[in-house]
Amino acid sequence: MAKATPADLAKARKRRGPIEKREQRLAFSMLAPTVASVLLIILVPLLANFWISVKPIELADLRPAKMLVRERVKGDIPVKVGDQLEIEYRVRSSSPKEEVREASLLDPLPRGLRVVEIGEPCRADAVAISCEFGTLEPRKQVRVKSILEAEASYFDGEAVKPGDTELVVRGKSDNALASLDFTFENFRKVFDATEFWDVLWVSIVYTVFGTLGALILGLFAAQLMMTAFPGRSVLRGLFLFPYVSPVIAVAFTWVFLLDPFSGTLNAILQTTGVTDEAVNFLGKRGIALWTVIAFEAWRYFPLSFLFILARMQSLSADLNEAAEMDGATPLQKFWFINLPQLVGIISTLFLLRFIWTFNKFDDIFLLTGGASGTRTLTVNVYEQAFALSNLGAGAAVAVVIFFVLTAFVAFYFRFVPKEEGM
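This structure is a prediction, so every number in the text was calculated from the model and none was measured. (Residues numbered from 1 in each chain as written. Predicted model: local features only at pLDDT ≥ 70, side-chain atom pairs only at ≥ 80, totals over all residues. Heavy atoms only, no water.)

Enquirer: With reference to specific residues and values, describe the packing of aromatic side chains.
Expert: Applying the stated criterion across every chain, the model contains 25 aromatic pairs. Cluster of aromatic residues (ring-pair linked, three or more members): Phe350, Phe354, Phe358 and Phe408. The residue whose ring lies beneath lysine 55 is phenylalanine 182, and the NZ or CZ to ring-centre distance is 4.8 Å. A cation over an aromatic ring shows up here: arginine 353 above the ring of tyrosine 300, its NZ or CZ 4.3 Å from the ring centre. (Phe/Tyr/Trp six-rings, centres within 6.5 Å; stacked < 30°, edge-to-face > 60°. Lys NZ or Arg CZ within 6 Å of the ring centre and 35° of its normal.)

Here's what the structure looks like:
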């Protein structure tokens, strides 16, 4: 029988019957809500980040400006007819940059209190004080005072205390997030910064060596666990400890162990004569970066260990037995037989760990805070957006991270070898 060519298979796919087409439409219609939900979860935050990155916006601009009113009552509560008290309104815009338009204030008067004096731009009638401020400029505060006098009706029944009435405040302002003002100033600031390329290089070094370290340790641990020995199941459980432990607990444990004054590691090194003085592992430039890389490899090697061990257990033993009969050493069997069959899972793990490590923030922040040459792009996002309150610049750095990872993923799918069938 002649073997079907790709062209024959393509023609056969085109000749689908009505039942198959109906089933295909049904499958697409059932999957459509899930696909749409996933796309929304992924695309909405991504598009929002791109939107913010090209806008001159700070952390304080997330909320539209509004009129803030502080009401202050001076004087005692009236106890007889004719007693007076003073009410002062302090009005300002909530934003240091944005104005509030058509700002107005309405303060209902307690029954029995009459306004005898009031400042501009407010006026009063028998039931309320109303003020029309027009446009409130940013950083400008307006003060308005009014004098109230108690009448006989104020003491009829239960009197309402001055200042307890609910103020009605109105005003219009522009939302910086929704405006159509765009700028590339955020990206200019990011790329013009003297430390940007150093931060990018640190991010790449941290990610590449942290990922490779986790994979090598995971591969070594998986190879070790393939050998039967007493206590193997206990050791397997211990190998998972770094990954399942809370990051804040293990990070501060490392900080304590590596402390140059009271750390256990420095005490051992000095006692054994390896070093003459304490080493500041997390505070000395150069050493600190390799310390956080070691932490990254130690903390995340259990994930690589689990996946590689599962793949190794599924490998056929026939090739190893044949190689052993031919006199192959354990290293030769691993290098020429087992490792080629692990390329697929290792490359997939490298892709996932590279992306996760490049986006890693909490490990470095807890260990060094980004100091001593360990500042990465993710730490830079935090510093720009929250420490400096420059949300647009922080979003711009996040966009740079997105494009770096996109370039890496494109390179991975183009050049990285994969196991057949994956």
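Further notes follow.
Enquirer: Lay out the environment of asparagine 320 in plain terms, naming residues and giving numbers.
Expert: Tracing the backbone through its elements, the reader meets asparagine 320 in helix H10 (residues 318-325). For the pair asparagine 320 and proline 260, spaced 60 residues apart in the sequence, the C-alpha separation amounts to 49 Å. Not counting the four nearest positions on each side in its chain, asparagine 320 is found in contact with Lys333, Ile337 and Asn338. (Helix = DSSP H or I, 4+ residues; strand = E, 2+ residues; numbered from the N terminus. Contact = heavy atoms within 4.5 Å.)

Enquirer: Now, about a positive patch on the surface: what can you tell me, with residues and values included?
Expert: On the surface, Arg70, Arg72, Arg143 and Lys145 cluster together to form a positively charged patch. Elements represented by at least two residues in the positive patch include exactly strand E1 (67-74) and strand E7 (141-150). Of note, lysine 145 is situated in strand E7. Exposure remark for lysine 145: the relative accessible area of 43% places this residue in the partly exposed category. (Patch = residues over 30% accessible without salt bridge, like charges linked within 9 Å, V, L, I, M, F, W, Y side chains within 5 Å. Areas by Shrake-Rupley, 256 points an atom, 1.4 Å probe, with all protein chains shown as cover. Salt bridge = Lys/Arg side-chain N within 4 Å of Asp/Glu carboxyl O. Lys, Arg positive; Asp, Glu negative; His and termini not counted. Charge placed at Lys NZ, Arg CZ, Asp CG, Glu CD. Buried < 20%, exposed > 50% of the residue type's maximum accessible area, 1.4 Å probe, protein only.)

Enquirer: Now, about the nonpolar core: what can you tell me, with residues and values included?
Expert: Ranked by internal contacts, the top residues of the largest apolar core, which has 22 residues, are Met67, Val91, Ile129, Phe133, Leu136 and Leu148. Among the secondary structure elements, those contributing two or more residues to this core are strand E2 (84-93), strand E3 (100-108), strand E4 (113-118), strand E6 (128-136) and E7. Filtering out sequence-adjacent residues up to four positions away, leucine 148 remains in contact with Asp83, Gln84, Leu85, Ile87, Leu109, Leu113, Arg114, Val115 and Ile129. By size, the runner-up hydrophobic cluster in this structure holds 19 residues, among which are Val190, Leu377, Ala396 and Val400. (Core = buried A, V, L, I, M, F, W, Y, C linked by side-chain atoms within 4.5 Å.)

Enquirer: Help me get a handle on the pattern of salt bridges, residues and values and all.
Expert: The full count for this structure, using the stated rule, is 14 salt bridges. When the shortest N-O distance is used, the salt bridge between glutamate 102 and lysine 172 registers 3.5 Å. Of this pair, glutamate 102 sits in strand E3 while lysine 172 sits in strand E8 (residues 168-172), placing them 70 residues apart in sequence. Salt bridges here are not isolated pairs; linked through shared partners, they connect Arg114, Glu149 and Glu151.

Enquirer: Give me the lowdown on the sheet that holds E4, citing residues and values where you can.
Expert: A sheet is described by the order of its strands in space; here 4 strands give the open sequence E1-E2-E7-E4, paired in antiparallel fashion. Looking at which strands have only one partner, the edges of the open sheet turn out to be E1 and E4. Taken over all neighbouring pairs, the strand axes of this sheet differ in orientation by 30° on average, direction set aside. (Pairing = 2+ DSSP bridges. Axes fitted to C-alpha atoms, helices over the stretch in contact; angles between N-to-C directions.)

Enquirer: Before we move on, could you go through the packing of helix H9 (residues 287-313) against helix H11 (residues 330-358) and cite the residues and values that matter?
Expert: Two elements in contact, H9 and H11, have axes whose closest approach is 10 Å; the angle formed by their N-to-C orientations is 150°. Judged by the inter-axis angle, H9 sits roughly antiparallel to H11. In this structure, H9 crosses over H11, and the sense of that crossing is right-handed. Residues Glu296, Tyr300, Leu303, Ser304, Phe307, Ile308, Arg311 and Met312 of H9 touch H11, and the partners they reach there are Gln341, Leu342, Ile345, Ile346, Leu349, Arg353, Trp356 and Thr357. In terms of residue class, the contact of H9 with H11 is made up of 10 nonpolar, 3 polar and 3 charged. (Parallel < 35°, antiparallel > 145°, perpendicular 65-115°, else oblique. Left-handed = near helix turned anticlockwise from the far one by under 90°. Nonpolar A, V, L, I, M, F, W, Y, C, P; charged D, E, K, R; others polar.)

Enquirer: If you had to explain the pairing of E7 to someone new, which residues and values would you point to?
Expert: The element E7 is largely enclosed, with a buried count of 7 among its 10 residues. As judged from the 9 bridges shared by E2 and E7, these two strands associate in the antiparallel manner. Residue pairing across strands places glutamate 88 opposite lysine 145, the latter belonging to E7. Direction of pairing for E4 relative to E7: antiparallel, over a ladder of 5 bridges. Bridging across to E7, arginine 114 finds its partner in glutamate 149.

Enquirer: I'd like a rundown of the sheet that holds strand E5 (residues 122-124), residues and numbers included.
Expert: Read across the open sheet, the 4 strands follow the order E5-E6-E3-E8; overall the sheet is antiparallel. Unpaired on one side and paired on the other, E5 and E8 mark the two borders of the sheet. For this sheet the average axis-to-axis angle between neighbouring strands, irrespective of direction, equals 10°. Where E3 lies against E8, 4 bridges are found, and the strand directions are antiparallel. Residue pairing across strands places leucine 105 opposite valine 169, the latter belonging to E8.

Enquirer: So what about helix H2 (residues 18-53)? Which residues, and what values?
Expert: Across its 36 residues, H2 extends 49 Å between first and last C-alpha, which sits within 8% of the 52 Å expected from 1.5 Å per residue. A maximum bend of about 40° is found in H2 at alanine 32, where proline proline 33 lies one to four positions downstream. (Expected span 1.5 Å × (residues − 1). Bend = angle between axes of the 7 residues up to and from the residue.)

This is a description of form; function is not addressed.
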